[in-house]
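Coordinate analysis (summary)
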Amino acid sequence: MENFKSNYKSSDVRLVLLVNGYEADTAVTVRVRGEKEFHQELALGPGQTGTVEVTPCNEVTGSQLTTKTVTLSANKGVTVTSLSAKPLSADTAVVPPLCALGTTYYVFTPPTGAKEMLKEFGVVNAGTANRVTVRLSQAARFEGHLHPKGDTLTLSLAPYQSALIQSQNDLTGTKVEGSVPFALVSGHSCSMVRFKCNHVYEHLPPVGRWGTEYVAVPTTSQRKYDQLYVVASEPTMVRASTERAPRTLKEGEASWFKLSRDWPVVLSADKPIMVLHFSPGGKRSRNTGYDPFLTVLAPSPQFASSYVTQALHGFRNFLTVVARTGHTGRVLLDQREVGAAWKAVPNAEYSWAEVELGSEEGRHEVRAADNETIGVYVHGTANMNAYGSQGNAEGQQGSDDPCSLSQCGSLPHCARWNGSVCWAFGDPHYRTFDGVVYDFQGTCTYTFAKSCVRDPSLPAFSIHTRNDNRGSSRVSLTMMVTVEVYGHTITALKTELGRVR
């Protein structure tokens, strides 16, 4: 991806891979094939992070096909973060393993920046020939030709061949599909909002890895507000805990929500969505401030129990952790209890904490006891610079086919399931089995769901909820849930965190 402008001296360009090892005798090979050949070997052990500096000539600039595709292979499991850095312009992104790639993506590019700076995305092919179609949401230039809005590009990519597509227009909503799995990197050569501009980019998840539940927490670096961008792949209803009414998005449409400094946002949707945290940066004084950064958020059901993050030299580095409220005391940072005040996420079962990591480069490990899952993010700010990304989750995984998740070694068993889900949250919001979303403020005990017909292949069950007044006759809150199944009655109360009767 093109970072800022292409006319930098090679000594000012850093293309870095941070490779995290977990086991003894881990052998890593990093290679760039094609005209700009690059090759490096690494030996890693438990708790070690190796640094690979790819030669600067392998930065892809201009809207074109390229063979400058970096590949990494290892004999044992590793996780990887990439860093693209030039003076006063840097960002990081978690690099997904092959089993996390998919065949269908939607592009997101931050819409703000100077006219001469370009929105861009890269289609990165793996080791199999691929036929990729790109349905442009706006006009874009590729290999010297200007393609109008709505045009479809067809790319025949050889193994390890990639394509960079750039435009002065916002390319959000562009649909990219391949005949075999590939990676999609997306961002902005230099996005600018409140202070100076910064290169921002992320590896976007395929549609098969999107989710319906997200917890977004603010950064204390921000004095105003950050932005949450939500992208839909089909007609979708999205609810934010900070807004009374839901929003309806069309296929490929993006909508942003305000993420205020002290007020987290819980997002839910009736169809899977992609959510990105975009920090517009901030001005400290006339000549000081920090620049934008971009981070893909993980759906809360995809949280992991163990992460590795990397603080960068020259930045004020911060770690953000999201955990279930009853388990915050079991979260360890570098084998010690997280030394920060946990704050509750309103209308959710989660809490969050932000820890400052200092300004020196270093590896940090975050773990939750008893296989409890947490979300982990890292970001850093400096004068006229910034970066941000997810933490590297051990056993990171993903695929368009849910039953292929076990390729990444996390799931002991997988079975396909066709059905529907109903849910309730907040004060109170409901979604029925057939997808109808509504609010109901009654203050009695209600039947939430139950079996209606006798079927010997299914257990009889019933779920009842009790709603109480929330200080106003106009608003209620679910206070108790009772489940009856297999001859047992199970009751959970909102006031009894971590306990069931």
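All values derive from a computational prediction rather than experimental measurement.

Observations regarding the overall build of the protein
When you go through the protein residue by residue, the secondary structure sums to 0 helices and 43 strands. Relative to the globule expectation of 23 Å for 501 residues, the C-alpha radius of gyration of the protein, 23 Å, shows essentially globular dimensions. A principal-axis box enclosing the C-alpha atoms of the protein has dimensions of 70 × 50 × 50 Å. Relative to its 501 residues, the protein shows a buried fraction of 50%. By sequence separation, contacts in the protein at least 24 residues apart represent 70% of the contacts at least 6 residues apart. When the accessible surface of the protein is summed, it comes to about 22,800 Å², and 51% of that surface belongs to carbon and sulfur atoms. In the protein, 48 side chains carry a positive charge and 46 a negative one; their mean positions are 6 Å apart.

A few points about the sheet that holds strand 34 (residues 375-382)
Ordered in space as 31-32-28-34-35, the 5 strands form an open sheet in which the pairing is antiparallel. The sheet is open, and its two edges are formed by strand 31 (343-344) and strand 35 (385-390), each paired on a single side. Pairing analysis gives 2 bridges linking strand 31 to strand 32 (residues 350-358), with the strands arranged antiparallel. Counterpart to lysine 343 in the pairing with strand 32 is tryptophan 352.

Thoughts on a positive patch on the surface
There is a patch of like positive charges on the surface, built from Arg223, Arg261, Arg284 and Lys343. Following the sequence through the fold, arginine 284 ends up in the loop between strand 24 (282-283) and strand 25 (289-290).

Thoughts on the domain arrangement of the protein
Domain parsing of the protein yields domain 1 (14-393) and domain 2 (423-493). Inter-centroid distance (C-alpha atoms) of domain 1 to domain 2 is 36 Å. Between domain 1 and domain 2, the residue contacts involve 7 residues of the former and 9 residues of the latter. Where domain 1 abuts domain 2, roughly 800 Å² becomes buried across the two surfaces, and 52% of that area is made up of carbon and sulfur atoms.

Section: unusual backbone geometry
Phi is positive for aspartate 25, which is not a glycine, with a value near 60 degrees. Relative to the assigned elements, aspartate 25 resides in the loop between strand 1 (14-21) and strand 2 (26-32). Positive phi, normally seen in glycine, also occurs at glutamate 143, with a value near 50 degrees. Considering the arrangement of structural elements, one finds glutamate 143 in the loop between strand 12 (140-142) and strand 13 (145-147).

Looking at the nonpolar core
Core analysis: the largest hydrophobic core is formed by 85 residues, its most contacted members being Phe121, Val134, Val176, Leu184, Leu267, Val366 and Ile374. If we ignore the near neighbours within four places in the chain, the residues touching leucine 184 are Tyr105, Tyr106, Val107, Phe121, Gly122, Val123, Val176, Glu202, His203 and Leu204. Judged by nonpolar contacts, the second largest core, of 13 residues, contains Val28, Val32, Leu44 and Val80.

Observations concerning the side chain of threonine 295
Inspection of the secondary structure assignment puts threonine 295 in strand 26 (residues 293-296). Exposure remark for threonine 295: the relative accessible area of 6% places this residue in the buried category. In this structure the side chain of threonine 295 is engaged in a polar contact, spanning 3.4 Å, whose partner is the backbone nitrogen of serine 389. Those residues in contact with threonine 295 that sit more than four places away from it in its chain are Glu202, Val275, Leu276, His277, Tyr377, Gly388, Ser389 and Gln390.

Calculation rules
- Residues numbered from 1 in each chain as written.
- Predicted model: local features only at pLDDT ≥ 70, side-chain atom pairs only at ≥ 80, totals over all residues.
- Heavy atoms only, no water.
- Helix = DSSP H or I, 4+ residues; strand = E, 2+ residues; numbered from the N terminus.
- Rg over C-alpha atoms; globule rule 2.2 N^0.38 Å.
- Buried < 20%, exposed > 50% of the residue type's maximum accessible area, 1.4 Å probe, protein only.
- Contact = heavy atoms within 4.5 Å.
- Areas by Shrake-Rupley, 256 points an atom, 1.4 Å probe, with all protein chains shown as cover.
- Lys, Arg positive; Asp, Glu negative; His and termini not counted.
- Charge placed at Lys NZ, Arg CZ, Asp CG, Glu CD.
- Pairing = 2+ DSSP bridges.
- Patch = residues over 30% accessible without salt bridge, like charges linked within 9 Å, V, L, I, M, F, W, Y side chains within 5 Å.
- Salt bridge = Lys/Arg side-chain N within 4 Å of Asp/Glu carboxyl O.
- Domains from an automatic or database assignment.
- Buried area = accessible area lost by both parts, 1.4 Å probe.
- Core = buried A, V, L, I, M, F, W, Y, C linked by side-chain atoms within 4.5 Å.
- Polar contact = N/O pair within 3.5 Å; in protein donor to acceptor, adjacent residues only side chain to side chain.

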